[in-house]
Amino acid sequence: MSSLDSATATRSGKGHRDENFPVASHLIHPRHRGAILAFYNFVRAGDDVADHAALSPERKIELLDRLADSLTGAGPSDPEAEPLKRELAARALPPRHALELLDAFRMDARKNRYANWDELIHYCRYSAMPVGRFVLDIHGEDPARVWGPSDAICAALQIINHLQDCGKDFAGLDRVYIPQDALDRHGASVAMLGEAKAPPQLRAVIRELAQKCLDLLDEGAVLPDLIDDLRLSLEIAAIHRLAVVLATGLTERDPLSEKVHHGKAAFALTALGGVAATLARRPFRGRIVRAAAQGSRS
């Protein structure tokens with residue numbers, strides 16, 4: 001057996017505390033944190049497979065298929081799948097969202113360029129939107145009311161991460177999530193992602209895509225007010241506020257040569273601002289939910 005014969009062997013060591021956005025912070029009720037962390041760890045295992053430089057695309061897909069089979073019971077047990085499998089069984093939830101994430105990682109194994117924004121959003125449909133949907137389902141929220149704005153926020157979070165890591169993804173994996181038509185529009189090239197500092201043409205591309213993320217975040221801004229669970233509402237509000245600050249930063253700074261991530265103090269203050277604003281609106285939540293429902297029907 002090779003040293004990379006399982007998903008566990010490909011683990012990068014990255015955990016939920018290393019992410020750009022909170023994952024099951026202590027705002028989340030303890031009864032839900034275990035399920036969310038089990039989901040995160042399963043997804044992290046799949047992501048590490050897809051990003052492993054020493055594996056062929058075929059080998060990556062084989063290991064991802066094993067993870068899927070373990071989760072569904074169609075194959076042997078896998079330590080990366082068992083915790084989530086237990087959480088899903090305890091809550092009588094299907095594995096749909098986790099399996100869709102594995103579909104995204106299969107895309108990563110086969111595909112390293114995107115033609116346009118629509119292709120990128122299609123990728124986000126599998127790589128990002130299921131994460132929000134899972135968290136909402138764990139909390140028993142109404143999909144008809146909350147999945148739409150959640151999808152918009154999750155897509156924005158994914159693309160913000162892509163933009164922050166665009167140089168690293170190109171250098172380490174030859175993977176480019178920036179759509180080719182956006183590069184063409186501004187006279188930029190993929191090769192510019194390998195430079196120490198982004199040329200003006202690439203900066204213009206990043207600004208355009210960051211603005212699209214801000215538009216998605218604006219679309220999803222109502223989500224905290226639609227959530228029944230107060231603690232989840234505050235978690236989403238904190239994440240949303242952090243994402244707005246990061247996307248705004250990407251309109252102003254070069255991710256190839258400048259730090260876009262938050263420092264710990266700024267991270268906490270920004271998140272707190274989102275929490276406070278949501279708490280201030282909470283007494284008016286019924287009115288906001290009714291207005292959102294009317295808007296969706298019009």
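Residues numbered from 1 in each chain as written. Predicted model: local features only at pLDDT ≥ 70, side-chain atom pairs only at ≥ 80, totals over all residues. Heavy atoms only, no water.

Under an unreviewed UniProt entry, the protein chain has the name Squalene synthase HpnC and belongs to Methylobacterium tardum.

Caption draft 1: Seen up close, the overall build of the protein chain. Helix and strand counts for the protein chain come out as 14 helices and zero strands. What you see in the protein chain, going N to C, is helices and strands ordered as α-α-α-α-α-α-α-α-α-α-α-α-α-α. Taking the intrachain contacts of the protein chain between residues at least 6 apart in sequence as the baseline, contacts between residues at least 24 apart amount to 72%. Element-wise, carbon and sulfur atoms account for 55% of the exposed surface of the protein chain, whose accessible area totals about 13,400 Å². (Helix = DSSP H or I, 4+ residues; strand = E, 2+ residues; numbered from the N terminus. Contact = heavy atoms within 4.5 Å. Areas by Shrake-Rupley, 256 points an atom, 1.4 Å probe, with all protein chains shown as cover.)

Caption draft 2: Local environment of helix α4 (residues 96–110). Helix length check: α4, at 15 residues, gives a terminal C-alpha distance of 21 Å against a target of 21 Å (1.5 Å per residue), a fit within 8%. Buried residues dominate α4, accounting for 11 of its 15 residues. Residues H97, A98, E100, L101, L102, A104, F105, R106, M107, D108 and A109 constitute the buried set of α4. Summarising the contacts, the buried residues of α4 are in contact with α1 (30–51), α2 (57–72), α3 (82–91), α5 (117–127), α6 (129–138) and α7 (143–164). (Expected span 1.5 Å × (residues − 1). Buried < 20%, exposed > 50% of the residue type's maximum accessible area, 1.4 Å probe, protein only.)

Caption draft 3: Seen up close, α3. Among the residues of α3, E82, L84 and L88 are the ones counted as buried. In an axial view of α3, the angular spread of the buried residues amounts to 160 degrees, which keeps them on one side of the axis. Across α3 from its buried face, at more than 90 degrees, point the exposed residues R86 and A90. After α3 finishes, the residue A92 shows a positive phi value of roughly 55 degrees. (Arc of directions from axis to C-beta.)

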